[in-house]
Structure formats: C-alpha cells, structure tokens
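Listed here are the chains, written in short residue letters.
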Amino acid sequence: QLSFESLDVRRKSRRDGSSMDSSTAPPPAPPADPRKVEAVAIPVDGLIEAPQLPPKARAGAACKLGIDEAGRGPVLGAMTFGCCYWAVEEDADVERDQEEINDSKQLTEDQRAKLFERVLDDDRLGWAVEVVSAARLSREMLRKKAPVSLNAISFDATCRLIQRALDRNVDVVEAYVDTVGDPDVYRDRLTRHFEGRISFTVAKKADALYKCTGAASICAKVIRDESLRRWVFEERGLDDRDFGSGYPSDPACVAWLRRNAHAVFGFPALARFSWQPAKQRLKDVDAVDDDTRAHFAFVAEVEFDEEQEDSAVANTMKITEWATASKKKARGPAPKKRRRAHFYRRLETLSSLAEL
C-alpha cells in the first residue's frame, strides 16, 4: 500500500507559557508524493498493491492482466512477483501512452524507476507485487519433508496475484504470463487452476511481447531493487551493506558472503540459504581466511551416533496399517532411526544466562 505523510500543523506553546506565532515556526515537510517510488511502503515479506482500482475495473469492465517475476538468480534479498492490469477496452490507448514499457531487464535502473512512477500515476492501471523474502524461500525449499521447488513457489505466487485481483472484483478475462518451464504445460496448469475462467497466454520473454507483462516486470524489478536498497539488518551489530547487486556473479556479493559466514547462524536473514552459492560457502572451509577462522571458527559437519526412537512412539501404528497388514499387526513397524544432523564445531554447553 502507498504510504502518505499526513500534515498536522498546530500552534505550539513555548516553555515559558507564551504562544509561538505560526509565522516563526519552521515550514512543514511536504507530503510524500504517492506517484514516487519513495512513497511505496515495501514489506519484508508480503503483498503491496495500488490502494484504488482503476475506474473501468471498478465498474466491472473486462480486464487483461500480466504477471512476471524478478530476482530468481540472486543469492541475497527477496524474490518479487508483479502484476499489472487494465480494461481491455482501454488497451489501445494504454499501450500507446505507455509505449516505452518493455522487459525490465532491457532497461536501466533509472528508466525502470521512471516507468514505474508512470504506472503509479496512471489511474487506468492497477498493480500489485508480492514480496517473497529470502527467509521464506529458504524455509520452503529446505523443508525436510516435501521441500517446495522454486518453480512451485513461482506458480503459487502467480495464482495468488490473480486470485487477489479476482477477490477485488476485477473481471480478469485475459492473462499474459512469462513462462516457468514449458509454456504449454504451464498454460494448461494455470487454466485448470482457474477452471477455464481466464484465457491464458504463456510465453518465453512475455515481458518483451506484451505490455501488461512488461509493466508487471517493471513493478517486480523496481520493488525488488528498492527492497534491497532499504534493507535493515535484524542481526544486532551488523550493518555491512556492501553486498552489490546480490547476484553470485557479483564480486561484491561474493566478498559479502565470505565476510558474513557465521559458524553458528550461517548467514544473516538477507541471504537465501537454499541457493547453491550459499550452501557451498558454508561448506568451503578452505576459503575461510585466518581472521574469520579466529573470530567465528568455521561451519563444520558433525555426525552423531544414530539413536532409536522411544519404543512407545516407534511401535505406534496407523489404523490403515492394522487393517491391511497382518504381519505388521504381530510385530509393529520397524523402529525408526533419527536422521543424521548437521551441527557446529566449538560449541559449549550453556550453563548460565547473563545480561550482556
């Protein structure tokens, strides 16, 4: 949602009790322009959207909608999914007026910011962006049971954005989506999910082919870059912002990972633990410099002896097992073994707590 700075100009009293004339008071700060990138309040994780629907969409006109993502490659920061929509009957006018909209990757950062502000300023356009934090990506992809793939995360975010528009009573009849995997398979999957109510066009480089997808690409990319620029570390005492673009090919990002690999906690919440460069960095003991080794030690893999589960838990059976397997009735399921764990070297038993 857009954040607006409210102005509340009141006359104040001096400490000595005399009133202060308003002419001597400093001028109030101007309100934040809702058409500027700086006015958009970006969550660490969650949805932001235009506060008002386009008039035509609000009146029930059929709309077309585009969706694209940004930040699939970086090892640092959030991944964002953007959508942009407008009335089909206004399509020709919008495309003419927004002719400069293109694949965000083909534009400079300054060009993207200006085009995003044009989206904000055009009341014919509706938009929304879902921010998926690095922490959520790591949590979903590193589940021990049923880990979620990045493609599945992308599909789910796409469906949520479309459903959000539908929930706001936007009559989405056409959707243009940049493909994840095979375009035909992805299109069929989306069509089934929405029970054939929406005509889907799925293509590679859809952001360069369709204006609504290009606009969605710009929304997603600008929010992704801005969220990284505004990042505030939740880890106490850490303020290392020299992380570059967040891509593993960026030397500044590689150096940041090297500096901020912690023996116990791995990386700050800004990093995607599920990305291969982050995993490799934690495993690459030889790459740790002497200063880091002395301060943090290094992440090490430790194997513990396998232990059997408690007998009462191990011998618990499901009703279906009792009904279908006579042998299991007699002896119960085999004792379960705990998985081998990854722990860290040089840890001591906590004996007392004291305020730092």
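It should be emphasised that the depicted structure is a prediction, and the values quoted were computed from it without experimental measurement. (Residues numbered from 1 in each chain as written. Predicted model: local features only at pLDDT ≥ 70, side-chain atom pairs only at ≥ 80, totals over all residues. Heavy atoms only, no water.)

A.B. asks: Please give an account of the overall build of the chain that cites residues and values.
C.D. replies: Along its length, the chain carries 14 helices and six strands. Long-range pairs, those at least 24 residues apart, make up 72% of the contacts in the chain with a sequence separation of at least 6. By element, 50% of the accessible surface of the chain is carried by carbon and sulfur atoms, the whole surface being about 21200 Å². (Helix = DSSP H or I, 4+ residues; strand = E, 2+ residues; numbered from the N terminus. Contact = heavy atoms within 4.5 Å. Areas by Shrake-Rupley, 256 points an atom, 1.4 Å probe, with all protein chains shown as cover.)

A.B. asks: With reference to specific residues and values, describe the pattern of salt bridges.
C.D. replies: A side chain of one charge can pair with a side chain of the opposite charge if their charged atoms are brought near each other. Scanning the model with the defined rule gives 25 salt bridges in all. Put simply, E49 and R164 hold a salt bridge, and the shortest N to O gap is 2.6 Å. On the criterion of sequence distance, the pair formed by E49 in strand β1 (residues 46-49) and R164 in helix α5 (residues 150-167) is long-range, its members being 115 residues apart. The class of R164 is partly exposed, set by a relative accessible area of 32%. As a salt-bridge pair, R229 and E109 come within 2.1 Å of each other at their nearest N and O atoms. (Salt bridge = Lys/Arg side-chain N within 4 Å of Asp/Glu carboxyl O. Buried < 20%, exposed > 50% of the residue type's maximum accessible area, 1.4 Å probe, protein only.)

A.B. asks: Let's hear about the pairing of strand β4 (residues 126-132): which residues, and what values?
C.D. replies: With seven of seven residues buried, β4 lies mostly within the body of the structure. Burial along β4 is two-sided: the residues G126, A128, E130 and V132 and W127, V129 and V131 are all buried. The sheet contact formed by β1 and β4 spans four bridges and is antiparallel. Each residue of the ladder has a partner; that of E49, found in β4, is A128. Here strand β3 (residues 79-87) runs beside β4; their pairing, made up of seven bridges, is antiparallel. Bridge pairing in β4 places T80 opposite V131. (Pairing = 2+ DSSP bridges.)

A.B. asks: Run through the sheet that holds strand β2 (residues 62-70), naming residues and quoting values.
C.D. replies: On the basis of which strands lie adjacent, the open sheet formed by six strands has the order β1-β4-β3-β2-β5-β6 and mixed pairing. Of all the strands in the sheet, just β1 and β6 (199-203) have a single pairing partner and so form its edges. Strand-to-strand, the axes of this sheet are offset by a mean angle of 20°, without reference to chain direction. Bridge analysis of β2 against β3 gives eight bridges, and the strand direction is antiparallel. Counterpart to I67 in the pairing with β3 is C83. Against the sheet, α5 touches β1, β2, β3, β4, β5 (171-178) and β6, its axis set at about 35° to β3. Of the strands in this sheet, β5 and β6 touch helix α6 (residues 183-193), which is tilted by about 155° from β6. (Axes fitted to C-alpha atoms, helices over the stretch in contact; angles between N-to-C directions.)

A.B. asks: Tell me about the packing of helix α3 (residues 109-121) against helix α8 (residues 211-229), residues and numbers included.
C.D. replies: Contact geometry for α3 and α8: axes closest at 9 Å, N-to-C directions at 115°. For the crossing formed where α3 meets α8, the hand is left-handed. Two secondary-structure elements touch here, α3 through E109, R112, A113, L115, F116 and V119 and α8 through I218, C219, K221, V222, I223, D225 and R229. By residue class, the composition of the contact of α3 with α8 is eight nonpolar, no polar and five charged. (Left-handed = near helix turned anticlockwise from the far one by under 90°. Nonpolar A, V, L, I, M, F, W, Y, C, P; charged D, E, K, R; others polar.)

A.B. asks: I'd like a description of the nonpolar core, backed by residues and values.
C.D. replies: L65, L76, I162, L190, I198, F200 and L270 are the most contacted members of the largest nonpolar core, which totals 49 residues. Grouped together as the second largest cluster of nonpolar side chains are 27 residues, I42, A78, C212 and A215 included. (Core = buried A, V, L, I, M, F, W, Y, C linked by side-chain atoms within 4.5 Å.)

A.B. asks: Could you give an account of the packing of aromatic side chains, with specific residues and numbers?
C.D. replies: Scanning the entire structure with this criterion turns up seven aromatic pairs. Arranged with centres 5.7 Å apart and planes meeting at 75°, the rings of F116 and W127 form a pair that is edge-to-face. On the criterion of sequence distance, the pair formed by F116 in helix α3 and W127 in strand β4 is long-range, its members being eleven residues apart. One exposure class covers both F116 and W127, and it is buried. Joined through ring pairs, the aromatic side chains of F233, F243 and W256 make up one cluster. We note R189 situated over the ring of F155; from NZ or CZ to the ring centre the distance is 3.7 Å. (Phe/Tyr/Trp six-rings, centres within 6.5 Å; stacked < 30°, edge-to-face > 60°. Lys NZ or Arg CZ within 6 Å of the ring centre and 35° of its normal.)

A.B. asks: So what's going on with the packing of helix α4 (residues 134-141) against α5? Which residues, and what values?
C.D. replies: Two measures define how a pair of helices packs: the angle their axes make with one another and the distance between the axes. Direction vectors running N to C along α4 and α5 enclose 120°, while the axes themselves pass 10 Å from each other. Judged by the angle between their axes, α4 and α5 are oblique. Seen from above, α4 lies across α5 with right-handed handedness. Packed against α4, whose contacting residues are R136, L137, E140 and M141, the element α5 presents L150, I153 and R160 at the interface. Partitioned by chemical class, the residues of the contact of α4 with α5 number four nonpolar, no polar and three charged. (Parallel < 35°, antiparallel > 145°, perpendicular 65-115°, else oblique.)

A.B. asks: Tell me about the confidence of the model for the chain, residues and numbers included.
C.D. replies: Regions with low pLDDT carry predicted coordinates that are not meant to be interpreted in detail. Summing up the model confidence of the chain, the mean pLDDT is 79 and the portion of residues at 70 or higher is 69%. When the criterion is pLDDT under 50, residues 1-23 qualifies, and its contacts beyond four places in sequence or with other chains add up to 31 contacts. Low pLDDT, under 50, characterises residues 306-314; the predicted model gives this stretch 14 contacts beyond four residues in sequence or across chains. (pLDDT = per-residue confidence, 0-100.)

A.B. asks: Go over the environment of F233, please, and point to the residues and values.
C.D. replies: Within the secondary structure, F233 is located in the loop between α8 and α9 (251-259). A C-alpha to C-alpha distance of 7.7 Å links F233 and L270, two positions 37 residues apart in sequence. Other than its neighbours up to four places away in sequence, F233 contacts L238, D239, D240, R241, F243, W256, P268 and L270.

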